[in-house]
Amino acid sequence: MTRTEPKQNSGPGQGLRRWLAVGLVALGLASGAGCSGAGGDAAKESASPAGWKVIGPGGGGGLFDPTVDPSAPSHVLMRCDMTAGYYTRDDGRSWGLFNLWTVVTDFEFAPASSGTVYASTRGYLHDEDRGSGLSLLCRSRDGGAHWEIVYPDPLKFKPLEKLQSLSLLPSQMSPGLPDRSIDKVRVDPADSNRIYLGMSPLTPYIPLRGEKPEGEAILMASSDCGVSWRQMAALPGSKVLALVALSGAGQPGALIAITDSTCVEVKADGETVIHPLPAGRAQSAEGGVGTDRAAVLYVLTRTRYEGDRLEGGLFRSRDLGATWEPVNGGILKTVRNERVKSFASFAVCEGAPEHLYLSGYSEAEDSVSRAAGEHEFILRSRDSGDSWNTVYLADSRAVLSGNYEGSWLGRDYGPGWGGVPISMGVSPTDPEVCYGTDYGRAYRTLDGGTSWRQVYSVNHPDSSCTGTGLDVICCYGLHFDPFDPKHLAISYIDVGLFQSYDGGESWFHNIEGIPGDWVNTCYWAEFDPTVKGRMWSVWANVHSLPRRSQFAPGRFQKGLGGVVLSEDSGRTWRKSCNGLPEHSVVTHILVDPASPPQSRTLYACVFDQGVYKSTDGGASWNLCATGLGEHPYAWETRLAGGRLYCLCVRGWPDNDTVVDGGLYVSEDAAASWQRMELPAGVNAPSDLLIDPADPNRMYLSCWPRTADGKDICGGLYRSDDGGKTWKQTFDESCRVYAAALDIQDPSTVYINTFQNAAYRSVDRGETWKRLEGYRFKWGHRPVPDPHHPGMLYLTTYGGSVFYGPAAGVPGDGDDLADMPRAWW
């Protein structure tokens, strides 16, 4: 993906050049050695054509597995849970983004190299909502900018039309391939040709409650840098938590594998010695080999109390897992005998395993903090856990240790929103360098915890901010002020609404007046077309709809949300929802531009109830759901040619029941609705687009359904007669989230998909071309820039907003260079 900025001299983000030059030259990437010592040509990146960039405030989503280069502590890789990976060469001041087709699970730097790094990605079973995922081992020779597939060998696969849309196990696609997903990758420090993979059984991307994986974990090994592989050992357990090579301890070719249920000593010949773990199942594990050639292992288990005695917690082994001893005593002394509630994560310096960091929660002791509920802490040990000191302490409202430099998340929500680190990473060679990540932030210390600094956002004097490249937020839409071309808003999952008043260079988090129990997700916003400064937005504390993971019996009847109004261009808000149910999950709002400005007609979708209508600008609302059916998962409304349309998405009221989506039309301003015929076989429409120049021309974006192991009836459909008949105009196996028309030429159509690509058609969908330079697994909505023809925004589920040329960047290659076309 191109990481330089567009050459155009207009449009949002021109001021981003002062900090967001995230090309490899700006990051200082040098060539690195591969298995055979061949280096990559990092200078090629600087010659890439101008193209896509990411805009937004930075942070906002879950970040994991910060991994520090042992030969260059300023070089760090990190991943999110929404498919992207990130890399920095400047201690986190700026980040580049890469895409490896699905969620990364682990990183591993090759020994004695500042450029060669491995990344594993997650495999998962097919489901209708997200398709299939194949686990990969990838290698980069330039520090994370460009990647190649190491495992499995694409040349050994059967011919496939579109891997993501087939319900096939890996063994059915390539005989002999284990039906597993890579959890951990390890390169032997003494021999970079020797690579180990810890693999676990496949599961759905988000398993249903109570669903358990079949089979056990395995260890795969290669002695020729990934050219060939063999199964080295079976590993009792369902997830591999750690691989610790023992070559530094005098056992070349041997290692320790720790799963969630056992510690397995694997000798060089494959013989295994299995040791039980202390205190039940482990939630995380790490270890290392010190300069004294002694291995130290650690496991973290869930905590509980037996009376006043803490059970579980952190354990240490100095004899390769044969025996374990708890190290909770020093921890309890350090937190002043407060009652420890739980430990969240820990990290060990691999080359000096006596150094480790630990995060967790304890019950607050003093009266001020007791109101906040708990303390959040990071502790550090320099003696293998015998003693600890506190290097970070906070409650839900403030960092009590006073050694953290934050940004918008802490300022607007307090430290309690992100919590303690859910993942940490220490430099293998410098224990003073440690990174921590949570569900919205990433931060680091370069001085052993004396001070911490966030690395996800740049703060500006006016309280606005700009992302550093770690943009992890899920986005629904972009919204443009008709009176101010530099004012635009982004509606986000989890963090609400952000607005820019300088064309996208910096962002304000304007949530003043939003009820605290609504503030999680802003699903949509609308500006009044003729009244300057007036806008509405809709909110809910249920996020990530309409993904199946968010459906649970009774959930929407407990959700909270509604409509808010602003009269000052979104700087402050007030509730505007009299007549809406108390428990409302509101996903869309529409303004009728023909209604009187002093008494606007509005339509709001309450997800599980239908459409509500207001004829007084939102001051009062009435339900208008006659004809929408029993489970109207109302998602969006559209108004064209005197007709009002409502699109309802597919839903799951329980694990065993699927409610088909539908498309409805009203000829009487929502007083009643009639169901329209969907294209044959379609049951999951996701967006309706109507040509403003011809209301009879409509485009329906669809999610597929699965039949006989294949995804069908998805893609994009076009109607030229107002929905009476439909023609499929894009691949039915693809999950198309939404479509858009070019503002100047309505024959040009854009779509964004949940399958790594966006597309453009110049003939109303008859033929398509992928927008080169853009790859993000989970795409949402294409939005043509109304102020700069030829430019396009692409909203995403987990990567904020991409901005770039509407025709793509011809010749701009993929981050994963040798990915077979059918796999994308």
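Basis of the calculations
The residue numbering used here restarts from 1 in each chain and proceeds along that chain's sequence as written. This being a predicted model, a pLDDT of at least 70 is required before a residue's local features are given, and a value of 80 or more before pairs of side-chain atoms are given or counted; all residues contribute to the totals for chains, interfaces and linings. Excluding hydrogens and water, the side-chain values take into account all heavy atoms of the structure. Only DSSP runs of H or I covering at least 4 residues are called helices, and only runs of E covering at least 2 are called strands; the numbering of each starts at the N terminus. To get the radius of gyration, use the C-alpha atoms; to get the globule rule, take the number of residues to the power 0.38 and multiply by 2.2 Å. Only protein chains enter the accessibility calculation, which uses a 1.4 Å probe; a residue is then buried when its area is under 20% of its type maximum, exposed when over 50%, and partly exposed in between. We count a salt bridge whenever a side-chain nitrogen from Lys or Arg sits within 4 Å of a carboxyl oxygen from Asp or Glu. A pair of strands is considered paired only if DSSP assigns at least 2 bridges between the two. Fitting a line to C-alpha atoms yields each axis, with helices limited to the stretch in contact; the angle taken between N-to-C directions then spans 0 to 180 degrees. Residue contacts are counted whenever heavy atoms from the two residues lie within 4.5 Å of one another. Think of it this way: a Phe, Tyr or Trp ring, Trp meaning its six-membered ring, pairs with another when their centres are within 6.5 Å, and the plane angle makes it stacked under 30 degrees, edge-to-face over 60, tilted otherwise. In this scheme, Lys NZ or Arg CZ marks a charge over a ring once it lies within 6 Å of the ring centre and within 35 degrees of the ring normal. In plain terms, two cysteine sulfur atoms within 2.5 Å form what is called a disulfide here. Throughout this description, a polar contact denotes any pair of N or O atoms lying within 3.5 Å of each other; where both atoms belong to protein, one of them has to be capable of donating a hydrogen while the other can accept it, and for residues adjacent in sequence the pair is counted only when both atoms sit in side chains. Confidence scores here are pLDDT values: one per residue, from the predictor, ranging 0 to 100.

1. A closer look at the overall build of the protein
At step 1: Helix and strand counts for the protein stand at six helices and 64 strands.
At step 2: In terms of overall size, the protein behaves like a compact globule, its C-alpha atoms giving a radius of gyration of 27 Å where 824 residues would be expected to give roughly 28 Å.
At step 3: By principal-axis analysis of the C-alpha atoms, the protein measures approximately 80 × 65 × 55 Å.
At step 4: By residue count, 64% of the 824 residues in the protein fall in the buried class.

2. Some points on the pattern of salt bridges
At step 1: Across all of its chains, the model carries 41 salt bridges by this definition.
At step 2: Here Asp438 and Arg441 are joined by a salt bridge, their closest N and O atoms 2.8 Å apart. In terms of burial, Asp438 and Arg441 fall into one category: buried.
At step 3: The salt bridge partner of Asp720 is Arg718, with a shortest N-O separation of 3.2 Å.

3. A short note on the sheet that holds strand β1 (residues 53–55)
At step 1: With antiparallel pairing, the four strands of this open sheet are ordered in space as β1-β64-β63-β62. On the outer flanks of this sheet lie β1 and β62 (779–784), each paired with one strand and no other. Ignoring which end each strand starts from, the neighbouring axes of this sheet average 30 degrees apart.

4. So, the side chain of Ser427
At step 1: Checked against the element boundaries, Ser427 lands in the loop between β29 (423–426) and β30 (434–437).
At step 2: Among all residues touching Ser427, those that are not within four sequence positions of it are Val68, Pro73, Cys349 and Val433.

5. Regarding the sheet that holds strand β14 (residues 217–222)
At step 1: Here we have four strands laid out as an open sheet, ordered β12-β13-β14-β15, and antiparallel in their pairing. Taken across any chain shown, the strands that pair with only one partner, and hence form the sheet edges, are β12 (180–187) and β15 (230–235). Across the sheet, the axes of successive neighbouring strands diverge by a mean angle of 25 degrees, strand direction being ignored.

6. Focus on the packing of aromatic side chains
At step 1: Taken as a whole, this structure holds 42 aromatic pairs when the rule is applied.
At step 2: Here Tyr151 and Trp229 contribute two aromatic rings whose centre-to-centre distance is 5.3 Å and whose plane-to-plane angle is 65 degrees, an arrangement assigned as edge-to-face. With Tyr151 in strand β11 (residues 148–151) and Trp229 in the loop between β14 and β15, this pair connects stretches of sequence that are 78 residues apart.
At step 3: According to the relative accessible area criterion, Tyr151 is buried, its value standing at 5%.
At step 4: One cation-aromatic arrangement involves Arg339 over Tyr305; the distance from NZ or CZ to the ring centre is 3.7 Å.

7. Some words on unusual backbone geometry
At step 1: The omega torsion across Tyr151 and Pro152 is -5 degrees, close enough to zero to call that bond cis.
At step 2: Mapped onto the elements of the fold, Pro152 is located in the loop between β11 and α2 (170–173).
At step 3: Residue Ala669 is not a glycine yet carries a positive backbone phi of 60 degrees.
At step 4: Topologically, Ala669 is positioned in the loop between β50 (662–666) and β51 (674–676).

8. Concerning the pairing of strand β60 (residues 758–761)
At step 1: Strand direction decides the pairing type here: strand β59 (residues 749–753) and β60, joined by four bridges, are antiparallel. Note that in β60 the partner of Ile751 across the bridge is Tyr759.
At step 2: Hairpin connection, β59 to β60: the antiparallel pair is bridged by four residues, and Asn756 has positive phi, about 75 degrees.
At step 3: Here two bridges tie β60 to strand β61 (residues 769–770), and the two strands are oriented antiparallel to one another. Pairing of Tyr759 across the sheet is with Arg770, part of β61.

9. Section: the pairing of strand β18 (residues 262–266)
At step 1: Among the five residues in β18, five count as buried, and that is most of the element.
At step 2: Burial along β18 is two-sided: the residues Thr262, Val264 and Val266 and Cys263 and Glu265 are all buried.
At step 3: Pairing of strand β17 (residues 255–259) with β18 involves four bridges; the strand directions are antiparallel. Looking at β18, one finds that Ile256 is bridged to Glu265.
At step 4: In textbook terms, the turn of a hairpin is the stretch between consecutive antiparallel strands, and for β17 and β18 this stretch comprises two residues.

10. Some thoughts on the state of the cysteines
At step 1: Here the structure, examined in full by the defined rule, presents zero disulfides.
At step 2: Considering cysteine sulfurs only, Cys646 is the nearest to Cys605, which forms no disulfide, with 4.8 Å between them.

11. A look at the environment of Leu393
At step 1: Relative to the assigned elements, Leu393 resides in strand β27 (residues 389–394).
At step 2: With 58 residues separating them in the primary sequence, Leu393 and Val335 have C-alpha atoms 9.7 Å apart.
At step 3: In this structure, Leu393 is in contact with Arg336, His375, Glu376, Phe377, Val399, Leu400 and Ser401, ignoring residues within four places of it in sequence.

12. Focus: the side chain of Ser222
At step 1: Residue placement: Ser222 occurs in strand β14.
At step 2: There is a polar contact of 2.8 Å between the side chain of Ser222 and the side chain of Asp224.
At step 3: Beyond its immediate chain neighbours, meaning those up to four positions away, Ser222 contacts Asn193, Arg194, Ile195, Val227, Ser228 and Trp229.

13. Thoughts on the environment of Ile514
At step 1: In this fold, Ile514 is placed in the loop between β37 (496–500) and β38 (521–527).
At step 2: Sequence-distant contacts of Ile514, defined by excluding residues within four places in its chain, comprise Val519, Trp539, Val564 and Trp573.

14. Remarks on the confidence of the model for the protein
At step 1: When the pLDDT values of the protein are averaged, the result is 92; 93% of them are 70 or greater.
At step 2: Segment residues 1–33: pLDDT under 50, and 131 contacts once partners within four positions in sequence are set aside and those in other chains are kept.
At step 3: For residues 367–371, every residue scores under 50 in pLDDT, and the model assigns this stretch eight contacts once sequence neighbours within four places are set aside.

15. Topic: the environment of Ala489
At step 1: Mapping Ala489 onto the fold places it in strand β36 (residues 488–492).
At step 2: Separated by 19 residues in sequence, Ala489 and Phe508 place their C-alpha atoms 9.4 Å apart.
At step 3: With sequence-adjacent residues up to four places away left out, Ala489 is seen in contact with Gly477, Leu478, His479, Leu497, Phe498 and Gln499.

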